[in-house]
Amino acid sequence: MSVHVGVSEFRKAYLDHLKSSRLTQNENRSKLLLLFYATECGLKWLLMRDIYKIARTESVLKKQLFWGHDLLEFAKEAKIGKNFFTGGSVFKIRDRNNPCTCSLKELHQVWRYGKELDPVDEQNASIMLKNICQWLSKK
């Protein structure tokens, strides 16, 4: 079962998550998780707003696109330039016993479940998410 969320709710969630992430002083997992969700909600808001302009039908809003956390796909649909992703979209997870990587759409899980990223990758991810949110604030 999925929860129906409209344009205004995605916008409010984007603004709320972004504000909460800015209130957190330290650059920790919780701050980054809120920033990830702010970016996700902001991109979904923008896409839904633009789709509403084209076709105000419920079937359009139920597109597979709005499910999940694929920020790359959302960014592609929103026609965000590739310059936002210069730090990459694959991130190294620091784990002595099981070194691996995660994609951008899995990044929220890393922070939500307390895993650690390579410090450079984490910095790149943080900058990317902040830049996308800054871009969204101008929309």
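Within each chain, residues carry numbers counting from 1 in the order of the written sequence. Thresholds applied to this predicted model are a pLDDT of at least 70 for local features of residues and 80 or more for the giving and counting of side-chain atom pairs; totals over whole chains, interfaces and linings are not thresholded and use all residues. Side-chain metrics in this entry use all non-hydrogen atoms of the structure; hydrogen atoms and water are not considered.

### Brief notes about the pattern of salt bridges
Thinking step 1. Any Lys or Arg side-chain nitrogen found within 4 Å of a carboxyl oxygen on Asp or Glu counts as a salt bridge. Taken as a whole and assessed by the stated rule, the structure comprises six salt bridges.
Thinking step 2. Among the ionic pairs, Glu 27 bridges to Lys 130, the shortest N-O distance being 3.4 Å. Remark: Lys 130 occurs in helix α6 (residues 119-137) and Glu 27 occurs in the loop between α1 (7-23) and α2 (29-54); sequence separation between them is 103 residues.
Thinking step 3. A simple rule labels every residue: compare its accessible area, found with a 1.4 Å probe on the protein chains alone, to the largest value its type can have, and call it buried under 20%, exposed over 50%, or partly exposed in between. The class of Lys 130 is partly exposed, set by a relative accessible area of 37%.
Thinking step 4. In this structure, Lys 115 and Asp 95 form a salt bridge, with 2.6 Å as the shortest nitrogen-oxygen distance. Numbering of helices and strands runs from the N terminus; a helix is a DSSP stretch of H or I covering at least four residues, while a strand is a stretch of E covering at least two.

### Overview of the confidence of the model for the chain
Thinking step 1. Confidence scores labelled pLDDT are given residue by residue by the predictor and lie between 0 and 100. In this model, the chain carries a mean pLDDT of 85, and residues with pLDDT of at least 70 account for 88%.
Thinking step 2. Here helix α3 (residues 58-61) is the element of the chain with the lowest mean pLDDT, 52, and helix α5 (residues 107-112) is the one with the highest, 94.

### Concerning the nonpolar core
Thinking step 1. Throughout, nonpolar core names a set of buried Ala, Val, Leu, Ile, Met, Phe, Trp, Tyr and Cys residues whose side chains join them through atoms within 4.5 Å. Ranked by size, the top nonpolar core spans 39 residues in total, and within it Ile 80, Leu 107 and Trp 111 carry the most contacts.
Thinking step 2. Looking at this core, the elements with two or more residues in it are α1, α2, α4 (71-77), β1 (90-94), α5 and α6.
Thinking step 3. Examining the composition of this core, we find that twelve residues originate from one element, α2, more than from any other.
Thinking step 4. The contact partners of Trp 111, leaving out residues within four places of it in the chain, are Arg 29, Leu 32, Leu 33, Phe 36, Leu 117, Glu 122, Ala 125 and Leu 129. Working rule for contacts: check all heavy atoms of both residues, and any pair within 4.5 Å makes them a contact.

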